[in-house]
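Tertiary structure, described
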Amino acid sequence: MKIAHHSTLGSLLEEWDQNAFSGRRKMLTHFVQQTQGMTESQLEKYFFHGASLVLTRISAWFRLSYLNVKNAIPLQLKAFKIFCAAGQKYIIELLEVGVHLSVIDILSMPIETVSEESIQEVVELLLCICEAGTVYRDVLYKCNVLLRVGKCLSITKYSKTRQSCFEFLLQYLEEFSSEDVKICISKQIPTSTHPAQVLQGRILKELAQRERTWIGGDLLDSVLQLLKNPDLQVQHEALEVLIAVAQSELVHQNVVQQLVSILHLEMTEKNQDLEVTFNIQQEAASRGVYTLCKRYPNMIPTFVRSQVIRGLFRTIGNVTDFGAQVQAVTALREIFDNTYSILGEAREHFGSQLIDFLFKAQGETRNIADLKPSKEARALLDSILSENISILRRNDFTICEEGECGVSYFGTSL
């Protein structure tokens, strides 16, 4: 709005009312450029103490035109953001005329009809309103905004938009029912991009730190889905969630059973794509077992009694993936170092040559966890495992769950 051409508020509003789309766009572009970062008093002075009247005209234009994606939606949203950042007075005025409903409605439009810039500005405006206080978060919450922002997080291509979605959802973890955030995240994880899944994992971690008994059912499946993702950063966030929630002994059994069930899976069909997925799952589950046993030694008895050792040895027999084998050996070594007699029983079951190769202390002999994934390492491993593949893949190594034989494996510290 070229304020310099106007000496009164009336002449400014008259020019706005008389202009069509192109004229209003030029005026609004100038306004956005000139008023970034202004406070409420500065805006009032800029608009001849009639900023609310100007906002009313912009909001009316937006509500009449936002369904036409060819209109100046990003520009209008930027203008709203300037007003909202300037003072809560303007947020109230926008909410009273229902602008927030139109803004949220943009997120429900088919993705191919809305520009990424528009989505980015929508989320940033919602975040600006949300950060103004609990009252405004409550208004947005009642408009089913969480699911829409959650979906936006899963599909947007802009890192800045993803970050705004992440910050928006975090606003609702403390003061509102986190159940809605859980549902929002778990529904979107399967179809999300890897960068989005990283942020979804961080939200789940925040939830886990607040409610350590919540993990189970569909939400645990969502965490494991992140853990089995080929992207290492996504896996890392999933492990952080499991570490956070494992602070509560109430959920140990649930988490352990899910990880062990992955290790007990078998490849029954020769298919390259399925084989890659299987390898990723085995490696991720082995990494999860090691991480939890390392961080929480008191979980080791639960893992052992759930027959995790059998599953890890089966993973070692998976000759198609060196990374999964290394993770399985690393997890087993952590368990053996914190229990009594189990390594000896494994030596009796699988033979001393294989067990000594896999688990002898570094310096005594080469072992799988010290090998790098070179052709030489692969050949050395294959030569050792070749005679034991069927035994490893279908082993029935079992730790007694009850009675004296079970008690003797664990020290009093566990």
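What you are looking at is a predicted structure, and each value in this text was computed from that prediction instead of being measured. (Residues numbered from 1 in each chain as written. Predicted model: local features only at pLDDT ≥ 70, side-chain atom pairs only at ≥ 80, totals over all residues. Heavy atoms only, no water.)

Quick word on the overall build of the protein
Our working definition: Elements are defined by DSSP. Helices are runs of H or I of four residues or more, strands are runs of E of two residues or more, and each kind is numbered from the N terminus. The classification of residues rests on relative accessible area computed with a 1.4 Å probe and restricted to protein chains. Under 20% of the type maximum is buried, over 50% is exposed, and intermediate values are partly exposed. In what follows, a contact means two residues having at least one pair of non-hydrogen atoms within 4.5 Å. Accessibility throughout is a Shrake-Rupley quantity obtained with a 1.4 Å probe, and a residue counts as covered only by protein chains that appear here.
Counting its secondary structure elements, the protein contains 26 helices and zero strands. Split into buried and exposed, the 414 residues of the protein put 53% on the buried side. Counting contacts in the protein only where the partners sit at least 6 residues apart, residues at least 24 apart contribute 73% of the total. Carbon and sulfur atoms make up 49% of the accessible area of the protein, which amounts to about 19100 Å² in all.

Examining the environment of Ala-238
Its place among the elements puts Ala-238 in helix H16 (residues 232-245). Its relative accessible area of 0% is what places Ala-238 among the buried residues. Ignoring anything within four residues of it in the chain, the contact list for Ala-238 reads Val-223, Leu-226 and Leu-227.

Some thoughts on helix H20 (residues 308-316)
Summarising burial for H20: nine of the nine residues are buried, a large majority. Listed in full, the buried residues belonging to H20 are Val-308, Ile-309, Arg-310, Gly-311, Leu-312, Phe-313, Arg-314, Thr-315 and Ile-316.

What to know about unusual backbone geometry
For Asn-144, which is not a glycine, the phi torsion comes out positive at approximately 60°. You can see Asn-144 is positioned in the loop between helix H9 (134-141) and helix H10 (145-155). According to the relative accessible area criterion, Asn-144 is partly exposed, its value standing at 43%.

Observations concerning helix H4 (residues 51-65)
The line we're drawing: Here the expected length of a helix is defined as 1.5 Å per residue gap, with one fewer gap than residues.
Here H4 is 15 residues long and its end C-alpha atoms lie 21 Å apart, about the 21 Å a rise of 1.5 Å per residue gives. Within the span of H4, buried status applies to Ala-51, Ser-52, Val-54, Leu-55, Ile-58, Ser-59, Trp-61, Phe-62 and Ser-65. Those residues of H4 hidden inside the fold are in contact with helix H1 (9-18), helix H2 (21-35), helix H3 (40-46), helix H5 (73-86), helix H6 (88-96) and helix H7 (99-106).

What about the packing of aromatic side chains?
The relative placement of two aromatic rings is captured by the distance of their centres and the angle of their planes. In plain terms, the rule: Each pair of aromatic rings taken from Phe, Tyr and Trp, with Trp reduced to its six-membered ring, is defined by centres within 6.5 Å and is described as stacked if the planes are under 30 degrees apart, edge-to-face if over 60, and tilted in the remaining cases.
Counted under the stated rule, the structure contains 14 aromatic pairs. Residues Phe-313 and Phe-397 carry aromatic rings whose centres are separated by 6.3 Å and whose planes lie at 65° to one another, so their mutual orientation is edge-to-face. Of this pair, Phe-313 sits in helix H20 while Phe-397 sits in the loop between helix H25 (389-393) and helix H26 (404-407), placing them 84 residues apart in sequence. Phe-397 shares its class with Phe-313; the two are buried. One aromatic cluster in this structure is built from Phe-31, Tyr-46, Phe-47, Phe-83 and Tyr-90.

A closer look at the pattern of salt bridges
Going by this rule: Should a side-chain nitrogen of Lys or Arg be within 4 Å of a carboxyl oxygen of Asp or Glu, the pair is scored as a salt bridge.
In this structure the tally under the stated criterion is 12 salt bridges. Where Lys-89 meets Glu-44, a salt bridge forms, and the shortest distance between an N and an O atom there is 3.2 Å. Here the residue Lys-89 occupies a position in helix H6, and Glu-44 occupies one in helix H3, the gap between them amounting to 45 residues. Overall, Glu-44 belongs to the buried group, its relative accessible area being 12%. Asp-138 is the salt-bridge partner of Lys-142, the closest N and O atoms lying 3.5 Å from each other. Each of Lys-81, Glu-121, Glu-124 and Lys-160 takes part in salt bridges that share partners, so that together they form one network.

Looking at the confidence of the model for the protein
Put simply, the rule is: Confidence scores per residue from the predictor, reported as pLDDT, run from 0 to 100.
Summarising the model, the protein shows a mean pLDDT of 83, and 84% of its residues fall at 70 or more. H6 holds the highest mean pLDDT among the elements of the protein, 97, whereas H26 holds the lowest, 46. In this model, residues 402-407 is a region of pLDDT below 50 whose contacts with residues beyond four sequence positions or in other chains number three contacts.

Observations regarding the environment of Leu-332
Mapped onto the fold, Leu-332 is located in helix H21 (residues 322-337). According to the relative accessible area criterion, Leu-332 is buried, its value standing at 0%. Residues Leu-332 and Val-289 lie 43 residues apart in sequence; the distance between their C-alpha atoms is 8.9 Å. Ignoring any residue separated from it by four or fewer positions in sequence, one finds Leu-332 in contact with Ile-309, Leu-312, Phe-313, Ile-316 and Phe-359.

What to know about the side chain of Ser-59
The topology assignment puts Ser-59 in helix H4. Each residue touching Ser-59, except ones within four places of it in the same chain, is listed here: Phe-80, Leu-94, Val-97 and Val-99.

Digging into the side chain of Ser-65
Under the convention used in this document: We define a polar contact as two N or O atoms separated by no more than 3.5 Å, with the added condition that, inside protein, one atom must be a possible hydrogen donor and the other a possible acceptor, whereas residues neighbouring each other in sequence contribute only through side-chain atom pairs.
Relative to the helices and strands, Ser-65 is located in helix H4. Polar side-chain contacts of Ser-65 include one of 2.7 Å to the backbone oxygen of Trp-61.

Quick notes on the packing of helix H22 (residues 342-350) against helix H23 (residues 352-359)
Selection rule: Orientation is described by lines fitted to C-alpha atoms, with helices fitted over the stretch in contact, and by angles between N-to-C directions that extend from 0 to 180 degrees. Note that the term roughly parallel is reserved for angles under 35 degrees, roughly antiparallel for angles over 145, roughly perpendicular for angles of 65 to 115, and oblique for everything else. Ten residue types, Ala, Val, Leu, Ile, Met, Phe, Trp, Tyr, Cys and Pro, are classed as nonpolar, four, Asp, Glu, Lys and Arg, as charged, and the remainder, Gly among them, as polar.
At a minimum axis separation of 7 Å, H22 and H23 run at an interaxial angle of 135°. As far as their axial angle goes, H23 and H22 are oblique. In this structure, H22 uses Leu-343, Ala-346, Arg-347 and Phe-350 to contact H23, whose residues at the interface are Ser-352, Leu-354, Ile-355, Asp-356 and Phe-359. Class assignment of the residues belonging to the contact of H22 with H23 gives a composition of six nonpolar, one polar and two charged.

As for the nonpolar core
Put simply, the test is: Throughout, nonpolar core names a set of buried Ala, Val, Leu, Ile, Met, Phe, Trp, Tyr and Cys residues whose side chains join them through atoms within 4.5 Å.
Core analysis: the biggest nonpolar cluster contains 132 residues, and Phe-31, Phe-168, Ile-309 and Phe-313 have the highest contact counts within it. Setting aside chain neighbours within four positions, we find Phe-168 in contact with Leu-126, Leu-127, Cys-130, Leu-140, Val-145, Leu-146 and Val-149.

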